[in-house]
Amino acid sequence: MGMLVRARRGAVAAALAAALSVGMAPAAAWAAPGPDGVGGTSKSAARDDGWHGDGLELNAADNRAVDAFLKQAEKAEKEISPRVRAAAVLSEAELIGFDQRLKSPDSLKRKVATSMRETPGQTVNQALATMKDSVRYTLQWPDGKYTSGVGLAALLLSAWGDDTVKWSNTWDRPKGYKGINSAWREPHRGHAYEVQFHTPASKKAQVDTHKLYEEQRLPDTSPERVKELQAQQDAIFAAVPVPDGAAELTAPGSRVPAGLSPTPAAPRMPVG
């Protein structure tokens, strides 16, 4: 048994070293467009009097608050990414879209402005408190490895001290999005981040429906068009196979994987 424990710990150490040794992309990867359309040239604009885009706006003070939140996200990402990379290595996941792990300023500001419009009286700080994807990752496994892979990756993040604050498993939905969207809170700054767990088919469906979803969320989209866009998305997700056991996956508890310390030396990057 002692040899087995030592072997497991050795494997963990090797995986952490491998995750940390891979060159980290620049933290502000906002200029490179990703599969979800984030980055690149935007129709929106930051002005002295705030931010405006797609019929939405933030005043100057609210715009500054979002900019400060984005700087906090940059610092938090440097500590979060090594843990997520290590969890991907150990669970044999493919880390998708890592260069887009930071949400673009325009995308976050659009989301904050939308939240404030949809919730009259909501302050910018209240809206920011609901934003869990300023730092985000996608882990992907083949259908046959999905359930065990998600279970291990989530358990590792929990064992390294990150708390689950959201776990949305939609694999058993009769319509709409398929996959698991989770949110976590890192222990150092308390910054929330998102991890999506996908199969190749569910990730492709997400990419294929992204523009439909974005149009659906615009404030000037008519109710009739909203229904039409939702029906198109439902049809795409309906074709996604559901991996065995995926619908039963739940957020990790306090249990720690055998052979791992409850408080291992979680990989951290220097704080910028």
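Just so it is clear, the structure is predicted and the values come from calculations on it, not from any experiment.

(A) Main features of the sheet that holds strand β7 (residues 180-185). The strand order β4-β5-β8-β7-β6 describes an open sheet built from five strands, whose pairing is mixed. Each having just a single partner strand, β4 (94-96) and β6 (163-169) make up the two edges of the open sheet. Adjacent strand axes in the sheet meet at a mean angle of 25°, parallel and antiparallel pairs treated alike. Contacts between helix α2 (residues 60-91) and the sheet are confined to β4, β5 (136-140) and β8 (192-198), with β5 contributing the most and set at about 5° to the helix. The strands that helix α5 (residues 143-159) touches are β5, β6, β7 and β8; relative to β8, the one it contacts most, it runs at about 165°.

(B) Region of the structure containing α2. Over its 32 residues, α2 runs 44 Å from end to end, which matches the ideal 46 Å to within 8%, given 1.5 Å per residue. Considering bend angle alone, the principal kink of α2 is centred on Glu77 and spans about 40°. Where α2 terminates, the next one or two residues include Glu92, which has phi positive at roughly 60°.

(C) Examining the pattern of salt bridges more closely. Taken as a whole, this structure holds 12 salt bridges when the rule is applied. Asp54 serves as the salt-bridge partner of Arg110, at 2.8 Å between the closest nitrogen and oxygen. Of this pair, Arg110 sits in helix α3 (residues 105-118) while Asp54 sits in the loop between β2 (50-53) and β3 (56-59); the two residues are 56 residues apart in sequence, bridging distant segments of the chain. Judged by its relative accessible area of 32%, Asp54 is partly exposed. Two residues, Lys103 and Asp133, come together in a salt bridge whose shortest N-O distance is 3.1 Å. Placement of Lys103 in the loop between β4 and α3 and of Asp133 in the loop between α4 (124-129) and β5 is noted, with a sequence separation of 30 residues between them.

(D) Structural context of the side chain of Thr138. Relative to the helices and strands, Thr138 resides in strand β5. Overall, the relative accessible area of 7% leaves Thr138 in the buried class. Apart from residues lying up to four places away in sequence, Thr138 is in contact with Glu94, Leu95, Ile96, Gln196, His198 and Lys203.

(E) Just the nonpolar core, in detail. Core analysis: the largest hydrophobic core is formed by 33 residues, its most contacted members being Tyr137, Leu139, Trp141, Tyr146, Tyr193, Val195 and Phe197. With seven residues, the single largest contributor to this core is α2. Sequence-distant contacts of Phe197, that is, excluding residues within four places in its chain, are made with Leu139, Trp141, Tyr146, Val150, Ala153, Trp167, Gly179, Ile180 and Ser182. Grouped together as the second largest cluster of nonpolar side chains are 14 residues, Val66, Leu70, Val112 and Ala113 included.

(F) Quick peek at the environment of Asp99. Its location among the elements puts Asp99 in the loop between β4 and α3. Residue Asp99 is classed as partly exposed on the basis of its relative accessible area, which comes to 41%. With 38 residues separating them along the chain, Asp99 and Tyr137 place their C-alpha atoms 9.5 Å apart.

(G) Inspection of the packing of helix α6 (residues 200-217) against helix α7 (residues 223-238) at higher detail. Remark: α6 packs on α7, axes separated minimally by 9 Å, with the N-to-C direction vectors making an angle of 180°. In this view, α6 runs roughly antiparallel relative to α7, as classed from their interaxial angle. Contact residues: Ser202, Ala205, Gln206, Asp208, Thr209, Leu212, Tyr213, Glu215 and Gln216 in α6; Arg225, Val226, Leu229, Gln230, Gln232, Gln233, Ile236 and Phe237 in α7. Across the contact of α6 with α7, the residue classes tally to seven nonpolar, seven polar and three charged.

(H) Expanded view of the side chain of Thr170. One can find Thr170 in the loop between β6 and β7. Ignoring any residue separated from it by four or fewer positions in sequence, one finds Thr170 in contact with Tyr177, Lys178 and Gly179.

(I) Representation of the confidence of the model for the protein chain. Per-residue pLDDT for the protein chain has a mean of 82; in total, 75% of the residues score no lower than 70. Scored below 50 in pLDDT, residues 19-43 makes 53 contacts in the model with residues more than four places away or belonging to other chains.

(J) Just the pairing of β8, in detail. Counting buried residues in β8 gives seven out of seven residues, a clear majority hidden from the surface. Burial along β8 is two-sided: Ala192, Glu194, Gln196 and His198 and Tyr193, Val195 and Phe197, pointing in opposite directions, are all buried. Here five bridges tie β5 to β8, and the two strands are oriented parallel to one another. Across the sheet, residue Thr138 finds its bridge partner in β8, namely Gln196.

(K) Fine view of the packing of aromatic side chains. Scanning all chains against the criterion turns up seven aromatic pairs. Residues Trp141 and Tyr146 carry aromatic rings whose centres are separated by 6.0 Å and whose planes lie at 85° to one another, so their mutual orientation is edge-to-face. On the basis of relative accessible area, Tyr146 is assigned to the buried category, the value being 0%. An angle of 35° between the planes, with centres 6.0 Å apart, marks the rings of Trp141 and Phe197 as tilted. With a gap of 56 residues between them, Trp141 in the loop between β5 and α5 and Phe197 in strand β8 connect regions that are remote in the sequence. Here the two residues Trp141 and Phe197 agree in accessibility, since each one is buried. Connected via pairs of aromatic rings, a cluster forms that spans Trp141, Tyr146, Trp167, Trp171 and Phe197.

Quick notes on the rules
- Residues numbered from 1 in each chain as written.
- Predicted model: local features only at pLDDT ≥ 70, side-chain atom pairs only at ≥ 80, totals over all residues.
- Heavy atoms only, no water.
- Pairing = 2+ DSSP bridges.
- Helix = DSSP H or I, 4+ residues; strand = E, 2+ residues; numbered from the N terminus.
- Axes fitted to C-alpha atoms, helices over the stretch in contact; angles between N-to-C directions.
- Contact = heavy atoms within 4.5 Å.
- Expected span 1.5 Å × (residues − 1).
- Bend = angle between axes of the 7 residues up to and from the residue.
- Salt bridge = Lys/Arg side-chain N within 4 Å of Asp/Glu carboxyl O.
- Buried < 20%, exposed > 50% of the residue type's maximum accessible area, 1.4 Å probe, protein only.
- Core = buried A, V, L, I, M, F, W, Y, C linked by side-chain atoms within 4.5 Å.
- Parallel < 35°, antiparallel > 145°, perpendicular 65-115°, else oblique.
- Nonpolar A, V, L, I, M, F, W, Y, C, P; charged D, E, K, R; others polar.
- pLDDT = per-residue confidence, 0-100.
- Phe/Tyr/Trp six-rings, centres within 6.5 Å; stacked < 30°, edge-to-face > 60°.

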